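Single-letter residue listing:
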Amino acid sequence: MEKIHITRNGHAALNEELKRLKTEERPAIIKAIAEARAHGDLSENAEYHSAKEKQGFIEGRIKEIEGILARAEVVDPSKLSGPIKFGATVHLIDEDTEEERVYTIVGEPEADIERGLLNIKSPLARALIGREEGDSVEVRTPGGEKSYEIVKVEYI
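Source: prediction; values computed, not measured.

Quick notes on the rules
Residues numbered from 1 in each chain as written. Predicted model: local features only at pLDDT ≥ 70, side-chain atom pairs only at ≥ 80, totals over all residues. Heavy atoms only, no water. Salt bridge = Lys/Arg side-chain N within 4 Å of Asp/Glu carboxyl O. Helix = DSSP H or I, 4+ residues; strand = E, 2+ residues; numbered from the N terminus. Buried < 20%, exposed > 50% of the residue type's maximum accessible area, 1.4 Å probe, protein only. Contact = heavy atoms within 4.5 Å. Axes fitted to C-alpha atoms, helices over the stretch in contact; angles between N-to-C directions. Parallel < 35°, antiparallel > 145°, perpendicular 65-115°, else oblique. Left-handed = near helix turned anticlockwise from the far one by under 90°. Nonpolar A, V, L, I, M, F, W, Y, C, P; charged D, E, K, R; others polar.

**Student:** Account for the pattern of salt bridges, with residues named and values stated.
**Tutor:** Taken as a whole and judged by the stated rule, the model has 13 salt bridges. Here D94 ties to K146 by a salt bridge, and the two come within 2.9 Å at their closest N and O atoms. Within this pair, whereas D94 is found in strand β3 (residues 89-94), its partner K146 is found in strand β7 (residues 144-154), the two being separated by 52 residues in sequence. Accessibility expressed as a relative area gives 0% for D94, which makes it buried. Judged by its relative accessible area of 21%, K146 is partly exposed. When the shortest N-O distance is used, the salt bridge between K121 and E108 registers 3.4 Å. Of the two residues, K121 is situated in the loop between β5 (117-119) and α3 (123-128) and E108 in the loop between β4 (100-106) and β5; the sequence distance between them amounts to 13 residues.

See the structure below:
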């Protein structure tokens, strides 16, 4: 089984989501199914079918998180240094717009570009790996070529 790299924060967030799904969401949906069943004919019971669908989603997400956590290898970025690698927080300047962006390179399960958590498998992260402060990188994106200057690399 392939290990999945994940930060301490990502691991904690997945554990919290798993706990919420098991202790809050799962019991609530079981109750909703029981209530919908009490209404009679299940073949035309929209509440029942909706609750069963939601139950399937919850159970699938629980299995997915358990699988990720079972294969997780937690990496503490604060113990790392040197060229950019997993866990690095990278400050970039877009060479076209002069806009500064900050990304932390994380594993796929915790990636969220809106929050600045960059998937290690993304084109930008792959271009950054092994680079250092002061380097420039060019990345092919769906919108065309982008150039960034690496201003700062931190491991926090």
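**Student:** How would you sum up the environment of L42? Please name residues and give values.
**Tutor:** Residue placement: L42 occurs in the loop between α1 (8-37) and α2 (46-71). A relative accessible area of 30% means that L42 is categorised as partly exposed. Once residues lying within four places of it in the same chain are set aside, the contact partners of L42 are A36, R37, Y48 and H49.

**Student:** A description of the packing of α1 against α2 should follow, citing residues and the corresponding values.
**Tutor:** The geometry of α1 relative to α2 is characterised by a closest axis approach of 9 Å and an angle of 155 degrees between their N-to-C directions. Regarding the angle of α1 to α2, the classification is roughly antiparallel. Judged by the sense of rotation from one axis to the other, the crossing of α1 with α2 is left-handed. Looking at the contact of α1 with α2 residue by residue, the class counts come to 15 nonpolar, 3 polar and 11 charged.

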